[in-house]
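Breakdown of the fold
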Amino acid sequence: MRLGKFLASAGVASRRASEELIRAGRVTVDEQVETDPARQVDGTSTVLVDGQAVRQPSQRLVYAVNKPTGVVSTARDPQGRPTVVSLVPHPPGGARLYPVGRLDIDTTGLILLTNDGELAHRLMHPRFEVPKTYRALLGQPPVSGRAIRALGDGVVLEDGPTAPAAVRALGPDRLELVITEGRKRQVKRMLERVGHPVKQLERVAFGPLKLGDLRPGSYRRLTAKEIEQLLSAGSGDRRR
Ligand code: URA
C-alpha cells in the first residue's frame with residue numbers, strides 16, 4: 001500500500017493531509033525519513049509520524065452504534081446503567097473502547113466508539129468542527145420562521161453565543177439542525193432558547209457518516225474508507 005494511503009487508513013489524517021506530512025519530512029519508514037507518499041509499505045514496515053508509531057490500519061476499531069434511550073454514553077456508569085460500550089463485544093486483546101463525544105441519556109442515534117483514544121480526542125476537539133446532524137421533535141408548535149432564522153444566526157446561551165446552525169424544517173414540530181460545536185445539551189438549550197422545548201432528539205449523522213438503517217441498540221464496524229472520510233470531514237483536517 002502507498003504510504004499516503006497507509007497513514008490515511010490508519011486515521012492519522014486525511015489522504016491529502018497525510019501526503020503533506022510525508023512531504024514535510026515528518027514521517028519515517030523503518031527509521032529512514034520518507035518524503036515520497038507513493039512509497040510502498042506493508043504490515044511489516046515500522047512507520048512513525050513525529051516519532052510516534054502509527055497503529056496498523058487493521059488494528060484500529062471504529063464502530064457506529066445506534067444508541068437507544070436509557071443508555072449512557074460514558075464508558076462506565078457509577079449508577080450501573082447500561083452504557084453504549086456494553087452494546088459492542090469487547091475487542092480482542094483487552095483493548096478498551098471509548099465513546100467519541102456524548103449523547104444525553106434520552107437522546108438516541110449515532111455515536112461512534114473506538115479503541116483509539118487519540119482518534120476519539122481528535123474527532124471531539126472543537127477545533128476539528130465535525131458537523132453533527134440532529135432531528136428534533138419540538139414542543140410549542142408550529143415552529144416559526146423567526147425561530148429558524150435565530151438558530152441560523154446563532155443564539156446566545158449561558159456559556160456564550162453558539163455558531164450558526166444549518167436548520168431545515170421537516171414539519172410544524174420537527175427540525176433538522178446541523179451544528180459543529182459539541183457543548184453540553186447544546187441542541188436542547190438552543191431550541192429552548194427560541195421557545196421550543198425538545199421532546200425527542202436523535203442524531204442522524206456525524207460528519208459524512210449517516211445513521212442509515214442501523215437499528216436501535218445495534219452496531220457496525222466502519223471501513224477504513226469511512227474512517228478516512230470522517231477525518232476529512234472536520235475543517236481542522238490536521239494531526240493534533
Ligand atoms: N445536544 C443535546 O442537547 N443533547 C445531545 O444529546 C446532543 C446534542
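Refer to the structure presented above.
Everything in this summary refers to the structure shown in the same document. This structure is a prediction, so every number in the text was calculated from the model and none was measured.

1. Quick word on the layout of surface pockets
- Roughly 680 Å³ of volume is contained in the largest pocket.
- As for the largest pocket, its lining consists of 33 residues, and the residues nearest its centre are Arg 102, Leu 103, Gly 182, Arg 183 and Lys 184.
- The set of elements that each furnish at least two residues to the lining of the largest pocket consists of helix 3 (117–124), strand 8 (132–138), helix 5 (186–193) and strand 13 (198–206).
- Looking at the lining of the largest pocket, its residues break down into 13 nonpolar, eight polar and 12 charged.
- Each of two domains, domain 2 (62–126 + 212–231) and domain 3 (131–206), supplies a minimum of three residues to the lining of the largest pocket.
- Each pocket or cavity is described by its volume, and for the second largest pocket that value is around 200 Å³.
- Together, Thr 69, Asp 106, Thr 108, Arg 135, Ala 136, Leu 137, Leu 170, Arg 174, Leu 175, Gln 200, Leu 201 and Glu 202 line the second largest pocket.

2. Notes on the site of the ligand
- Taken together, Leu 103, Asp 104, Thr 107, Tyr 134, Arg 185, Gln 186, Val 187, Lys 188 and Leu 201 make up all the residues around the ligand.
- Measuring from a nitrogen atom of the ligand, one finds a side-chain N or O atom of Asp 104 at 2.7 Å.
- Computed on the free molecule, the ligand has an accessible area of 240 Å², of which 95% lies beneath the protein chains in the complex.
- Here the ligand occupies the largest pocket.
- Broken down by element, the residue count for the shell around the ligand peaks at three residues, all from helix 5.
- Of the residues assigned to the shell around the ligand, the class counts are four nonpolar, two polar and three charged.
- When we break the shell around the ligand down by domain, the ones giving at least three residues each are domain 2 (62–126 + 212–231) and domain 3 (131–206).

Procedures and definitions
- Note on numbering: residues in each chain are counted from 1, in written sequence order.
- Totals for whole chains, interfaces and linings use all residues, but because this is a predicted model, local features are given only for residues with pLDDT of at least 70 and pairs of side-chain atoms are given and counted only at 80 or more.
- Calculation of side-chain values draws on the structure's entire complement of heavy atoms; hydrogens and water are dropped beforehand.
- The pocket and cavity definitions rest on a 1 Å grid over protein atoms only: a 1.4 Å probe that fits but cannot leave marks a cavity, an open set with protein on both sides within 12 Å along at least five of seven lines marks a pocket, and residues lining either have an atom within 4 Å of a point.
- Grid points are joined across faces, edges and corners, and a volume is the space filled by probe spheres set on the points.
- Only DSSP runs of H or I covering at least 4 residues are called helices, and only runs of E covering at least 2 are called strands; the numbering of each starts at the N terminus.
- Asp, Glu, Lys and Arg are counted as charged, while Ala, Val, Leu, Ile, Met, Phe, Trp, Tyr, Cys and Pro are counted as nonpolar; the rest, among them Gly, fall into the polar class.
- These domain boundaries are the output of an automatic or database domain assignment.
- The nearness test applies per residue and asks whether one of its heavy atoms lies within 4 Å of the molecule or strand.
- Two N or O atoms count as a polar contact when they lie within 3.5 Å, although within protein this holds only if one can serve as hydrogen donor and the other as acceptor, and sequence-adjacent residues are included solely when both atoms are side-chain atoms.
- Accessible areas in this description were obtained via Shrake-Rupley with a 1.4 Å probe; residue shielding takes into account the shown protein chains only.
- Think of it this way: if more than half of a molecule's atoms are within 2 Å of a pocket's grid points, that molecule is in the pocket or cavity.

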